[in-house]
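Read off the chains here:
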Amino acid sequence: MASPPDKTPDRIAGMFDAIAPRYDLLNRVLSAGIDKRWRARAIRSLQLTGRETGLDVCTGTADVALEARRGGPSGPPAARVLGVDFAGAMLSLGKRKVEAAGEAGRIALVRGDAMNLPARDGSVDAVTVSFGIRNVQRPEVACAEMARTLRPGGRLAILEFGVPRIPGLSAFYLWYFTYVLPRVGRAVSGHNAAYSYRPASVGTFPPPREFMSILTAAGFTDVRADPLTFGIVYLYTARKA
Ligand SMILES: C[S@@+](CC[C@H](N)C(=O)[O-])C[C@H]1O[C@@H](n2cnc3c(N)ncnc32)[C@H](O)[C@@H]1O
């Protein structure tokens, strides 16, 4: 396996700060809009009742925090959500979206590190991470932090890119991910390293079985990994033991 890219917090935060203005647009374009469905699916897996305090780790521009507050035919929204990220520019855009949605009283966005979460032990009912965990320098530390902040029985939902294992599709996906995505990303964001970093960070992230073991070791139970869209993305779900 190739060696993982440099994930020192300053480098990662700087990279996301640099691409922040184009981040949402690139997400929609590069995933052909499917990313919205992946996030909605993650929120549905939490089986919210309307009373929960949610914690969205690596919240970025707050798409998942907003989705948790949206509710809809599949269930009520979380009562409130705390979003945490260490990239100030991503959070600023998130704050604007939260205000525009009239959610400023229910969604708080704060600067912080996934490896040292700004929340008390057992203080939240549900934790989400969407396309953030592979960027964290020590994912096992972040998983232990998520377990610490969750109340016993609280639910976890993590979305992360995977590598599809279907012949033909895998070859196409690898080509798209290695050649097309970095070029489009570079052209739209004007940032050289960020969209080459993406395939590198996905290729070196632990495969589902290994990541499930990390969650179990961190104190989670009922750990599952469900492939979405042919395994392009995995939804990891678990409960705090
Ligand atoms: C690919 S973006 C995902 C944003 C958002 N969750 C979404 O679904 O669009 C990854 C985010 O994780 C944040 N991040 C990465 N490592 C982090 C860490 N250790 N602590 C806090 N935020 C982190 C980055 O700043 C970035 O905003």
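Conventions we followed
- Along each chain, residues carry numbers from 1 onward, in the same order as the chain's sequence is written.
- Confidence filtering applies because this is a predicted model: local features only for residues at pLDDT of at least 70, side-chain atom pairs given and counted only at 80 or more, and all residues used for totals across whole chains, interfaces and linings.
- The criterion for a residue being near a molecule or strand is a backbone-placed C-beta atom within 6 Å of that molecule or strand.
- Put simply, DSSP H or I for four residues or longer makes a helix, DSSP E for two residues or longer makes a strand, and each gets a number counted from the N terminus.
- Strand pairing requires that DSSP identify at least two bridges connecting the strands.
- Lines are fitted to the C-alpha atoms to define the axes, a helix being fitted only along its stretch in contact, and any angle between axes, read from their N-to-C directions, falls within 0 to 180 degrees.
- Contacts are defined on C-beta atoms placed from the backbone: any two residues whose C-beta positions lie within 7 Å are in contact.

**Student:** Help me understand the site of the ligand in this model?
**Tutor:** Cys-58, Gly-60, Ala-87, Ala-114 and Ser-130 are the nearest of the 21 residues found near the ligand. Those elements that place two or more of their residues in the shell around the ligand are helix H1 (9–30) and helix H3 (63–70). Looking at the shell around the ligand, the element that brings in the most residues is H1, giving four residues.

**Student:** Could you clarify how one ought to interpret the sheet that holds strand S3 (residues 107–111) in this entry?
**Tutor:** Read across the open sheet, the seven strands follow the order S3-S2-S1-S4-S5-S7-S6; overall the sheet is mixed. A strand with exactly one partner marks an edge of an open sheet, and here the two such strands are S3 and strand S6 (220–228). The average angle at which neighbouring strand axes cross in this sheet is 15 degrees, direction not considered. Direction of pairing for strand S4 (residues 124–130) relative to strand S5 (residues 150–161): parallel, over a ladder of six bridges. By the bridge assignment for S5, Val-124 is matched with Leu-150. Helix H4 (residues 88–100) rests against strand S2 (80–85) and S3 of the sheet, and its axis sits at about 170 degrees to S3. Each of S6 and strand S7 (233–240) touches helix H8 (residues 208–218); the most contacted strand, S6, lies at about 155 degrees to it.

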